[in-house]
Amino acid sequence: MHELSITRSVVAIVAERSLGQRVTRVRLEIGCLSAIVPDAVRFCFDICAAGTPAEGAALEIVEIQGRGRCPACGEEAVLTVPAGRCLACGTGHLTVIAGQELLIKEMELEACA
Ligand SMILES: [Zn+2]
């Protein structure tokens, strides 16, 4: 399960950027073509966050739809698999332009008391 090491990296980045303040919320964007399973990340997050500033933080995951562009005709289409064929002209394989990302979009820190 590669999500464990991915989630560990995410938690490490979040913990570093929080500068030791408690993190209350983290929002991730995960592309549908990234081969990262959001549920697995959710499962791993609490385990990885234990003992870090991100412990107990709410995790939001936004799934980003895959998109591709045809190098032959420029047509853009939704991709559900990484190597989709262009339906408009039938020649090219679509180049992935979105859906492979894993981004930490937002993090919220506890307000200073
Ligand atoms: Zn095409």
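Provided above is the structure to which this section pertains.
Residues numbered from 1 in each chain as written. Predicted model: local features only at pLDDT ≥ 70, side-chain atom pairs only at ≥ 80, totals over all residues. Heavy atoms only, no water.

(A) How the structure looks around the coordination of the zinc ion. Coordination of the zinc ion by the protein involves C70 (SG), C73 (SG), C86 (SG) and C89 (SG), with metal-donor separations of 2.3 Å. Because the angles between the 4 donor atoms bound to the zinc ion fall within 106 to 112 degrees, the donor set is best described as tetrahedral. Considered as a linear motif, the donors of the zinc ion on their single chain read C-x2-C-x12-C-x2-C. One end of the pair, C70, is in the loop between β3 (66–69) and β4 (76–79); the other, C86, is in the loop between β4 and β5 (95–98), and 16 residues separate them in sequence. (Donors = N, O, S within 2.8 Å, 3.2 Å for Na, K, Ca; no water. Tetrahedral: all angles 85-135°; square planar, octahedral: opposite > 155°, others 65-115°. Helix = DSSP H or I, 4+ residues; strand = E, 2+ residues; numbered from the N terminus.)

(B) Examining the environment of G99 more closely. Position of G99 relative to the elements: it lies in the loop between β5 and β6 (102–109). The exposure class assigned to G99 is buried, which follows from its relative accessible area of 0%. Sequence spacing of G99 and S34 is 65 residues, and the spatial spacing of their C-alpha atoms is 6.4 Å. Setting aside residues no more than four positions away along its own chain, G99 makes contact with G31, C32, L33, S34, I64, Q65 and G66. (Buried < 20%, exposed > 50% of the residue type's maximum accessible area, 1.4 Å probe, protein only. Contact = heavy atoms within 4.5 Å.)

The values are spatial; any link to function lies outside them.
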